[in-house]
Amino acid sequence: MGWVSTDMNINEELVKDALHKVSGIDKSKPLHKSEIEAIQNLTQAGVFNIEIPENRIIDRVRLNKGSVPFKNIHEISYPPVGMGDIEFQRMNSNNSPLFYGAVSSPEMRQPHIAALSEVVSYDSLKDGAVFYATHSQWLCIEPLRCAVVGLSENLIENNSNAISMKSIQDELLHSNPIAKKVHNFLAEEFSRVYTNHLEYQVTSYYAQKTLDFPIDAIIYPTVKGDGVTFCIAVRPQSVDKKLALRAVGLMKCIKVQKDIIGGYDIGSDQFKKGVILYEDAPPSARLSNLDVQELFKKHGIS
């Protein structure tokens with residue numbers, strides 16, 4: 001773990017003014033150039049970073065249209081630039097696509113569950129709703145250097161790794177109260193869930209500027225998964241250079257009260273010229289019609 005900054009001798013007045021301006025931004029409207037510059041100036045307070053080692057797995061989930069599987073690897077990787085109108089997300093806009101996924105923690109050994117919660121609004125689904133999602137696993141063939149954000153004390157209490165990171169970050173910032181204020185502000189900003197995409201402008205512009213540092217990705221506690229593991233946003237260049245697809249599975253998912261139950265219909269660890277060569281999943285991995293009927297009966301779903 002370490003600390004990266006474009007200027008280790010922090011311009012405290014610049015950062016203080018930037019924090020004051022950003023704190024008063026109306027995020028429901030498109031931001032002015034001066035407001036965007038203020039957000040980007042917050043990176044002058046330094047960037048806390050860690051390294052994800054070689055051979056670590058990143059899990060990614062994409063929703064399918066009906067039960068139709070994705071045929072090509074590029075369809076389950078990062079999206080292309082400029083997909084329609086600009087829409088801000090937690091770390092990016094459509095003009096600056098990133099590869100979103102999740103990594104495991106001691107409290108969450110199935111990070112694809114966290115990745116699924118980030119792309120599906122559980123509350124909007126009725127009990128018994130059926131949908132399909134593609135779960136892919138990507139192997140780090142080289143270490144990933146990651147900036148860490150979102151270490152909010154209100155979010156990380158169930159994530160021992162994040163608690164350790166927060167402790168180290170606080171120790172590093174102990175002698176610099178301005179930088180500490182910036183990172184505490186950003187921790188709360190990155191841990192919020194918004195319904196209006198414009199409200200992600202602060203996190204999006206900050207993240208885009210952070211990726212100007214010599215890093216591969218940004219890692220943060222999963223917001224919709226109560227912080228128990230980490231989500232990650234990887235720049236496309238680093239996906240191409242440092243990640244390799246290891247396996248893919250098409251999941252049939254069912255909403256059952258507050259949970260999602262799922263099984264795999266088809267899957268593959270074989271690829272040819274960018275095409276996914278699917279095979280039927282073994283019976284032990286599938287969610288059969290009988291399983292579904294029993295689930296519905298058990299939970300009173302008609």
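Below or above, wherever it landed, is the structure these notes cover. On a predicted model such as this, the values are computed, not experimentally measured, just so you know. (Residues numbered from 1 in each chain as written. Predicted model: local features only at pLDDT ≥ 70, side-chain atom pairs only at ≥ 80, totals over all residues. Heavy atoms only, no water.)

1. Some thoughts on the overall build of the protein chain
Next up, step 1: Of the regular secondary structure elements, the protein chain holds 8 helices and 13 strands.
Next up, step 2: Residues counted as buried form 51% of the 302 residues belonging to the protein chain.
Next up, step 3: In the protein chain, 72% of the contacts between residues at least 6 apart in sequence involve partners at least 24 apart.
Next up, step 4: Carbon and sulfur atoms provide 49% of the accessible area of the protein chain, an area that totals close to 15,100 Å². (Helix = DSSP H or I, 4+ residues; strand = E, 2+ residues; numbered from the N terminus. Buried < 20%, exposed > 50% of the residue type's maximum accessible area, 1.4 Å probe, protein only. Contact = heavy atoms within 4.5 Å. Areas by Shrake-Rupley, 256 points an atom, 1.4 Å probe, with all protein chains shown as cover.)

2. Notes on the nonpolar core
Soluble globular proteins tend to pack their nonpolar side chains together in the buried interior.
Next up, step 1: Grouped together as the largest cluster of nonpolar side chains are 39 residues, with contacts concentrated most on V22, I39, L42, M91 and Y206.
Next up, step 2: A total of 6 residues in this core trace back to one element, the largest contributor, which is helix 5 (residues 177-190).
Next up, step 3: Excluding its chain neighbours within four sequence positions, the residues that come into contact with L42 are V15, A18, L19, V22, V182, F185, L186 and Y206.
Next up, step 4: Counting residues in hydrophobic clusters, the runner-up holds 29 residues, among them W138, C146, V148 and A162. (Core = buried A, V, L, I, M, F, W, Y, C linked by side-chain atoms within 4.5 Å.)

3. What to know about the pattern of salt bridges
Next up, step 1: Inspection of every chain in the model, using the stated rule, returns 7 salt bridges.
Next up, step 2: Put simply, E189 and K27 hold a salt bridge, and the shortest N to O gap is 2.6 Å. Here the residue E189 occupies a position in helix 5, and K27 occupies one in the loop between helix 1 (12-23) and helix 2 (33-41), the gap between them amounting to 162 residues.
Next up, step 3: A residue is classified by how much of its surface remains accessible, and E189, at 3% relative accessible area, is buried.
Next up, step 4: You can call K27 buried: its relative accessible area is 17%.
Next up, step 5: Residue R192 pairs with E189 through a salt bridge whose shortest N-O separation is 3.0 Å.
Next up, step 6: Residue R192 is classed as partly exposed on the basis of its relative accessible area, which comes to 38%.
Next up, step 7: One salt-bridge network, held together by shared partners, links K27, E189 and R192. (Salt bridge = Lys/Arg side-chain N within 4 Å of Asp/Glu carboxyl O.)

4. What to know about helix 6 (residues 201-210)
Next up, step 1: Extensive coverage of helix 6 is indicated by the burial of 8 of its 10 residues.
Next up, step 2: Within helix 6, burial applies to Q201, V202, T203, S204, Y205, Y206, A207 and T210.
Next up, step 3: Where the residues of helix 6 are buried, they touch helix 1, helix 2, strand 2 (47-52), strand 6 (144-148), helix 5 and strand 7 (217-221).

5. A closer look at empty space enclosed by the protein
Next up, step 1: Evaluated as defined, the whole model comprises 1 cavity of 30 Å³ or more.
Next up, step 2: Of the voids in this model, the largest cavity is the one considered here, and its volume is about 60 Å³.
Next up, step 3: Around the largest cavity, the lining residues are V148, V149, G150, L151, Q169, H183, L186 and A187.
Next up, step 4: If you tally residues by element for the lining of the largest cavity, the top one is helix 5, at 3 residues.
Next up, step 5: Its residues assigned to classes, the lining of the largest cavity shows 5 nonpolar, 3 polar and no charged. (1 Å grid on protein atoms, 1.4 Å probe; cavity = no way out; pocket = protein on both sides within 12 Å on 5 of 7 lines; lining within 4 Å. Points joined across faces, edges and corners; volume = space filled by probe spheres on them. Nonpolar A, V, L, I, M, F, W, Y, C, P; charged D, E, K, R; others polar.)

6. A word on the packing of aromatic side chains
Next up, step 1: A complete count under the given rule lists 4 aromatic pairs for this structure.
Next up, step 2: Between the aromatic rings of F99 and W138, the centroid separation amounts to 5.1 Å while the plane-to-plane angle is 80°, which identifies the pairing as edge-to-face. A residue pair is termed long-range when its members are at least 10 positions apart, and F99 in strand 4 (residues 99-103) and W138 in strand 5 (residues 130-140) qualify at 39 residues.
Next up, step 3: With centroids separated by 5.3 Å and ring planes inclined at 75°, the aromatic side chains of Y194 and Y200 adopt a geometry described as edge-to-face. Both residues of the pair, Y194 and Y200, belong to the buried class.
Next up, step 4: Across the ring face of F99, the terminal group of R60 is positioned such that the distance to the ring centre comes to 4.9 Å. (Phe/Tyr/Trp six-rings, centres within 6.5 Å; stacked < 30°, edge-to-face > 60°. Lys NZ or Arg CZ within 6 Å of the ring centre and 35° of its normal.)

7. Considerations on the packing of helix 1 against helix 2
Next up, step 1: With their axes 8 Å apart at the nearest point, helix 1 and helix 2 run at an angle of 125° to one another. In terms of orientation, helix 1 lies oblique with respect to helix 2. By crossing handedness, the relation of helix 1 to helix 2 is classed as left-handed. Of the residues in helix 2, those touching helix 1 at L14, V15, A18, K21 and V22 are S34, E35, A38, I39 and N41.
Next up, step 2: Taken together, the residues that form the contact of helix 1 with helix 2 break down as 6 nonpolar, 2 polar and 2 charged. (Axes fitted to C-alpha atoms, helices over the stretch in contact; angles between N-to-C directions. Parallel < 35°, antiparallel > 145°, perpendicular 65-115°, else oblique. Left-handed = near helix turned anticlockwise from the far one by under 90°.)

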